[in-house]
Amino acid sequence: MKIKLNKTFIILFSLFVVMYTNAYAEDIEMTSDNGLEWNQVKKTITATTNATITRGEMTLKSDKIVAYYRTPTSKVKTKGTVGGDMEIYLIKAEGNVVITSPKEKVNADIIEYDLDKSILSSRPINKPISMTVQDAEVIANGRIDYFELENYAIVNNAQVKHSGRILSADVMVLTFENDTNKNNTGLGLETITATGNLHISDGEDILKGEKAEYNNKTGIATIDGDVELSQSGGSKLKGGKVEYNMNTGIAKMDPNSEYGKVIGIFKSPDKKKN
């Protein structure tokens, strides 16, 4: 059975809906300029036209939002009525999705939010996904899975812009530290593990390799696998592993296993002809 809830009923309806996770439960407000459709058979609530969900300090806006709910048997009052408690366990949004909170901002075409596992998944269709946290911008041409409780994200075909540096790779795992004790600024980038077609640039130096571990606190990046460090002037270092302190500009390179040595190519400045 489908019930169309008009605008005057939206605010009343939002008071009875509970968004559920294993860690906590919190009231959710769901609104739309075109009313809400409540499907009691599929157990969905659909919002279109300026669809919005708010929970605490988190706001999700999209062209279309579908919330999937269940009715706990221990809490059932009258089955199928608005007065019965509802646990929303999954949210799907499609079209111009924007999620904002003190921790992050996400722009995507499609997202799925699994509230039982606290996992936010997004994938691009027409444009790359962008995710902005306290001190980093993440742009992905592939899928992003953000694990809210553990404070980390898996990003595919990604680029991270941070502190004037650009890091790109096929797959990245980003960990964050919860920085709420510092003026409630939310998540701060802690580490990056990147694999596949690695490319790091800080404006002058470019590092290439197959795998990297970057620590934001120390500013040190450790890169493995046919490493190449190039400078804007044309000089290069080639080896098997490098520890590069991006704060000091000091790089320590280990030999390549194939050649058993580090190769340095240093370009001399062109002399001007008289």
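Scoring rules and cut-offs
- Residues numbered from 1 in each chain as written.
- Predicted model: local features only at pLDDT ≥ 70, side-chain atom pairs only at ≥ 80, totals over all residues.
- Heavy atoms only, no water.
- Helix = DSSP H or I, 4+ residues; strand = E, 2+ residues; numbered from the N terminus.
- Buried < 20%, exposed > 50% of the residue type's maximum accessible area, 1.4 Å probe, protein only.
- Contact = heavy atoms within 4.5 Å.
- Areas by Shrake-Rupley, 256 points an atom, 1.4 Å probe, with all protein chains shown as cover.
- Core = buried A, V, L, I, M, F, W, Y, C linked by side-chain atoms within 4.5 Å.
- 1 Å grid on protein atoms, 1.4 Å probe; cavity = no way out; pocket = protein on both sides within 12 Å on 5 of 7 lines; lining within 4 Å.
- Points joined across faces, edges and corners; volume = space filled by probe spheres on them.
- Nonpolar A, V, L, I, M, F, W, Y, C, P; charged D, E, K, R; others polar.
- Pairing = 2+ DSSP bridges.
- pLDDT = per-residue confidence, 0-100.
- Phe/Tyr/Trp six-rings, centres within 6.5 Å; stacked < 30°, edge-to-face > 60°.
- Salt bridge = Lys/Arg side-chain N within 4 Å of Asp/Glu carboxyl O.

On to the overall build of the protein. A count of helical and extended segments in the protein gives 1 helix and 21 strands. In the protein, buried positions account for 41% of the 274 residues. Restricting to contacts in the protein with at least 6 residues of sequence separation, those with at least 24 account for 42%. As displayed, the protein has an accessible area near 14700 Å², and 48% of this comes from carbon and sulfur atoms.

Counting 58 residues, the largest nonpolar core has Leu-60, Ile-91, Ile-111, Met-172, Leu-174, Ile-192 and Ile-223 as its most contacted members. Sort the elements by how many residues they give to this core and strand S8 (residues 86-100) lands first, with 6 residues.

All right, on to empty space enclosed by the protein then. For the coordinates displayed, the defined rule picks out 2 cavities of 30 Å³ or more. Approximately 90 Å³ is the volume found for the largest cavity. Forming the boundary of the largest cavity are Val-160, Lys-161, His-162, Arg-165, Ile-166, Leu-167, Leu-189, Ile-192, Ile-200, Tyr-214 and Met-246. Mapped by element, the contributors of at least two residues to the lining of the largest cavity are strand S14 (152-162), strand S15 (165-178) and strand S16 (187-201). Of the residues in the lining of the largest cavity, the class split is 8 nonpolar, 1 polar and 2 charged. Of the volumes computed, that of the second largest cavity is approximately 30 Å³. Lining the second largest cavity, in full, are Val-106, Leu-120, Ser-122, Met-131, Ile-144 and Tyr-146. Those elements that place two or more of their residues in the lining of the second largest cavity are strand S10 (119-123) and strand S13 (144-147). Classifying every residue of the lining of the second largest cavity by side-chain character gives 5 nonpolar, 1 polar and no charged.

This next bit is on the pairing of strand S6 (residues 44-55). Direction of pairing for strand S4 (residues 29-31) relative to S6: antiparallel, over a ladder of 3 bridges. Bridge pairing links Thr-31 to Thr-52 in S6. Counted along the chain from strand S5 (residues 36-39) to the antiparallel partner S6, the turn is 4 residues long, and its residue Lys-43 has a positive phi close to 55°. With 10 bridges connecting them, S6 and strand S7 (residues 58-70) associate as antiparallel partners. Residue pairing in the sheet places Thr-52 in a bridge with Lys-61 of S7. The hairpin formed by S6 and S7 contains 2 residues between the paired strands, and Gly-56 there has a positive phi angle of roughly 60°.

What follows deals with the environment of Ala-93. Within the element layout of this structure, Ala-93 appears in strand S8. A C-alpha to C-alpha distance of 8.2 Å links Ala-93 and Asp-109, two positions 16 residues apart in sequence. Discounting residues that sit within four places of it in the chain, Ala-93 has contacts with Leu-60, Ser-62, Lys-64, Ile-65, Asp-109, Ile-110 and Ile-111.

When pLDDT is averaged along the protein, the result is 79, and 77% of the positions lie at 70 or above. Contacts from residues 180-185, a stretch scored under 50 in pLDDT, to residues over four places away or in other chains number 6 contacts.

Okay, unusual backbone geometry next. If you check the backbone angles, Thr-49 has positive phi at about 65° while not being a glycine. Mapped onto the secondary structure, Thr-49 falls in strand S6. For Thr-49, a relative accessible area of 43% corresponds to the partly exposed category. Look at Asn-151: it is not a glycine, yet its phi comes out positive at around 60°. Along the chain, Asn-151 turns up in the loop between S13 and S14.

Here the focus is the packing of aromatic side chains. Using the criterion set out here, one finds 2 aromatic pairs in the structure. Measuring from centroid to centroid gives 4.5 Å for Phe-147 and Tyr-152, while their planes differ by 10°, and the two rings are stacked. The exposure class assigned to Phe-147 is buried, which follows from its relative accessible area of 16%. Judged by relative accessible area, Tyr-152 falls into the partly exposed class, the value being 25%.

This brings us to the pattern of salt bridges. Applying the stated rule across the entire model yields 7 salt bridges. A salt bridge links Glu-87 to Arg-70; its shortest N-O distance comes to 3.1 Å. Separated by 17 residues along the polypeptide, Glu-87 in strand S8 and Arg-70 in strand S7 bring together distant segments of the chain. For Asp-116, the salt bridge identified is with Arg-70, shortest N-O distance 2.7 Å. In this pair, Asp-116 sits in the loop between strand S9 (104-114) and S10 while Arg-70 sits in strand S7, placing the two residues 46 residues apart along the sequence.

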